[in-house]
Amino acid sequence: AFIADTANIGEDVTIFPLAYIGENATVSDGAVVYPGAYLGKNSKLGTKSVMFANAVLERDCVVGANCIIHPGCVIGSDGFGFAPGDGTIVKIPQVGITRIGDNVELGAATTVDRAAMGETKVGNGCKMDSKVHVAHNVEIGENCMFSAQSGIAGSAKLGNWIVLGGQAAVNGHIEV
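The text that follows walks through the structure, step by step, so that each part is easy to find. (Residues numbered from 1 in each chain as written. Predicted model: local features only at pLDDT ≥ 70, side-chain atom pairs only at ≥ 80, totals over all residues. Heavy atoms only, no water.)

1. Details of the packing of aromatic side chains
For the coordinates displayed, the defined rule picks out five aromatic pairs. Ring centres 4.9 Å apart and planes at 20 degrees place the aromatic pair Phe2 and Tyr20 in the stacked group. Placement of Phe2 in strand E1 (residues 2-3) and of Tyr20 in strand E4 (residues 20-21) is noted, with a sequence separation of 18 residues between them. Here Phe2 falls in the partly exposed class, since its relative accessible area comes to 42%. Judged by its relative accessible area of 33%, Tyr20 is partly exposed. (Phe/Tyr/Trp six-rings, centres within 6.5 Å; stacked < 30°, edge-to-face > 60°. Helix = DSSP H or I, 4+ residues; strand = E, 2+ residues; numbered from the N terminus. Buried < 20%, exposed > 50% of the residue type's maximum accessible area, 1.4 Å probe, protein only.)

This is the structure in structure tokens:
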């Protein structure tokens, strides 16, 4: 494993070979980081949380305590921020973060995008199946359950105990 000299590693932590722990990243007490998992600069993996193989926690993003992040899950990738300009498509910098609450489970190949500004938030106790997409600046309340291939478009706000079936979608900029 690569562990930056400035990384903060708690007690009773397991970090498997080929994991990457970046500058000032935190792996809290009792956490487990499997092979190929990536924790970017200033990221934080909470107490007793698990990141399985090839999961990604991008820079400055936070995962709470007792979370399960399944293989290939990506937390904090850029949101879909583009605008037409001067005959081309211009990328809008995504400078916010992603914050995952406590007791959250994110399925394999699920993505939770970084906010354009501010935070994309997933509340405590949420459970997401594989291949769920949460776009930038989405705010999800507590104890929500989303089945496979469901998606939430940018800046949507979902309350507590929302359930989405397979391939369900929530339009952007609305409140549920």
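Past the structure itself, the notes keep going.
2. Things to note about the pattern of salt bridges
Following the criterion strictly, the structure yields five salt bridges and no others. The salt bridge partner of Asp60 is Arg59, with a shortest N-O separation of 3.5 Å. Of the residues examined, Asp60 reaches a relative accessible area of 28% and is grouped as partly exposed. Arg59 sits in the partly exposed class, given a relative accessible area of 35%. One salt bridge connects Asp78 with Lys91, and the closest N-O pair in it is separated by 3.1 Å. Highlighted residues: Asp78 in the loop between strand E13 (74-75) and strand E14 (82-85) and Lys91 in strand E15 (residues 88-91), separated in sequence by 13 residues. A relative accessible area of 36% means that Asp78 is categorised as partly exposed. Taken together, the shared-partner salt bridges in this structure form one network comprising Arg99, Glu119 and Lys121. (Salt bridge = Lys/Arg side-chain N within 4 Å of Asp/Glu carboxyl O.)

3. Focus: the side chain of His136
Following the sequence through the fold, His136 ends up in the loop between strand E21 (133-134) and strand E22 (139-140). Here the side chain of His136 touches Phe80 through a polar contact of 3.4 Å, landing on its backbone nitrogen. Apart from the residues within four sequence positions on either side, His136 is in contact with Gly79, Phe80, Gly81, Gln94, Asp113, Arg114, Ala115, Ala116, Thr120, Gly154 and Ser155. (Polar contact = N/O pair within 3.5 Å; in protein donor to acceptor, adjacent residues only side chain to side chain. Contact = heavy atoms within 4.5 Å.)

4. With respect to unusual backbone geometry
Despite not being glycine, Asn42 has its phi angle at roughly 65 degrees, a positive value. Assignment of secondary structure puts Asn42 in the loop between strand E7 (38-39) and strand E8 (44-45). Unlike most non-glycine residues, Asn103 shows phi in positive territory, near 60 degrees. Note on placement: Asn103 falls in the loop between strand E16 (97-100) and strand E17 (105-106). Take Asn103: its relative accessible area is 38%, and that puts it in the partly exposed class.

5. With respect to the sheet that holds strand E27 (residues 169-170)
The nine strands lie next to each other as E1-E4-E7-E10-E13-E18-E21-E24-E27, forming an open sheet whose pairing is parallel. Strands with a single pairing partner mark the edges of an open sheet, and in this sheet they are E1 and E27. In this sheet, E4 lies alongside E1 in parallel orientation, the contact comprising two bridges. Bridge pairing in E4 places Phe2 opposite Tyr20. (Pairing = 2+ DSSP bridges.)

6. A closer look at the sheet that holds strand E26 (residues 163-164)
Taking strand neighbours across the sheet as the criterion, the eight strands line up as E3-E6-E9-E12-E17-E20-E23-E26 in an open arrangement whose pairing is parallel. Two strands lie at the open edges of the sheet, namely strand E3 (14-15) and E26, each paired on one side alone. When strand E12 (residues 68-69) meets E17, the two strands line up parallel, connected through two bridges. Pairing of Ile68 across the sheet is with Glu105, part of E17.

In short, shape yes, function no, at least from these values alone.
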